[in-house]
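Geometric and topological summary
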Amino acid sequence: MNVVAIANQKGGVGKTTTAISLSAALAEAGQRVLLLDLDPQANATSGLGIEPDSEGSMYYPLIGEAKIKDKIIPTRIENLSIVPSGMDLAGVEIELARSDDHLTRLRKLLTALKRGKQYDYVILDTPPSLGVLMTTSLASADEVLIPLQCEWFGLEGLAKIVHIIEQIRESGAAPKLKLEGILMTMFDGRTNLSRQVVEEVSNYFPDQLYENVIPRTIRIGEAPSHGKTIFEHDPSGIGSRSYRAAAQEFLLRHSEVGGPIA
Ligand SMILES: Nc1ncnc2c1ncn2[C@@H]1O[C@H](COP(=O)(O)OP(=O)(O)O)[C@@H](O)[C@H]1O
Ligand SMILES: [Mg+2]
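Worth saying up front: this structure is predicted, and the values here are computed from it rather than measured.

The rules we used
- Residues numbered from 1 in each chain as written.
- Chains lettered and ligands numbered in written order.
- Predicted model: local features only at pLDDT ≥ 70, side-chain atom pairs only at ≥ 80, totals over all residues.
- Heavy atoms only, no water.
- Axes fitted to C-alpha atoms, helices over the stretch in contact; angles between N-to-C directions.
- Helix = DSSP H or I, 4+ residues; strand = E, 2+ residues; numbered from the N terminus.
- Left-handed = near helix turned anticlockwise from the far one by under 90°.
- Contact = heavy atoms within 4.5 Å.
- Nonpolar A, V, L, I, M, F, W, Y, C, P; charged D, E, K, R; others polar.
- Pairing = 2+ DSSP bridges.
- Buried < 20%, exposed > 50% of the residue type's maximum accessible area, 1.4 Å probe, protein only.

**Observations regarding the packing of helix H6 (residues 132-140) against helix H7 (residues 152-170)**
- Two numbers describe how H6 lies on H7: the axes approach to 10 Å, and their chain directions differ by 65 degrees. Judged by the sense of rotation from one axis to the other, the crossing of H6 with H7 is right-handed. From H6, Met134, Thr135, Leu138 and Ala139 reach across to H7, where they touch Ile161, Ile164 and Ile168.
- For the contact of H6 with H7, the class distribution of residues is 6 nonpolar, 1 polar and no charged.

And the structure:
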């Protein structure tokens, strides 16, 4: 079971869209996937057409009053389950900040889940802030996938998240945390800027940069308002094809390193 945090402290860069689309594409490819919505805004939950649910969220597991497995619900997509989010999850920030073990709590919960061998991948959708939910997510992950929008400010954000990953490693909470990949989102082929940003990232992170880029499309933007994945909303469009290709690339990268960590 590999735990993959989809993270970038900037909002609106495509984290949730990537978390939903990658989870759904991996499930479609036969992987058993659990999506944990760790953003109190619950966009991954509602984007899948599921009602946000504070009671059913990671709140109680994180404060030590429930197990993750009691909060898992199926989605209509075969092989894809979710722990939904809800506004109350925001309260966990304060509760966790008071405890000494806030960085390792989610990791411990996930270790219990690993023993069940029910999932190949656990995907974490994280909030756009440097709060406890974000650092806890990173500290509990085996690897990080950074969605990066093809804009100049995206590069600044990249330097920051890479630094945060280093800090988490150095804290000892997750010494093996790996920067798995960088997925370029909202690519606009008509502009030189998009191409320049991709070029710049490939100079600094040649091994992490995904070959497949996700274009900016109206269909991708619309899908969550229908509570649908891009594969349901526009099955054969460029958005679907690019996220499927990125998921295949993800699987290939993982088969090269020996598949999911047992
Ligand atoms: N490739 C894309 N093309 C068009 N719109 C997109 C694309 N990716 C994301 N969006 C839209 O941009 C907004 C922010 O994306 P989201 O995935 O919610 O980002 P984050 O989780 O990082 O805040 C959402 O309204 C989403 O539907
Ligand atoms: Mg989001």
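**Describing the sheet that holds strand S3 (residues 73-74)**
- Judged by pairing direction, the sheet is mixed, and its 7 strands sit side by side in the order S3-S4-S2-S5-S1-S6-S7 without closing on themselves. Pairing within the sheet leaves two strands with one partner each, and these edge strands are S3 and strand S7 (178-185).
- Of the strand pairs in this sheet, strand S1 (residues 2-6) and strand S5 (residues 121-125) are connected by 5 bridges, and their pairing is parallel. Within S5, the residue paired with asparagine 2 across the bridge is tyrosine 121.
- Seen against the sheet, helix H8 (residues 192-204) touches strand S6 (143-149) and S7 and runs at an angle of roughly 165 degrees to S7.
- Packed onto the sheet, helix H11 (residues 238-256) meets S1, S5, S6 and S7 and runs at close to 165 degrees relative to S7.

**Focus on the pairing of S6**
- With 7 of 7 residues buried, S6 lies mostly within the body of the structure.
- Along S6, one buried face is formed by Glu143, Leu145, Pro147 and Gln149 and the opposite face, lined by Val144, Ile146 and Leu148, is buried too.
- Looking at chain direction, S1 and S6 are connected through 3 bridges and run parallel. Its bridge partner being in S6, alanine 5 is matched across the sheet by valine 144.
- One ladder, built from 7 bridges, connects S6 with S7; its direction is parallel.

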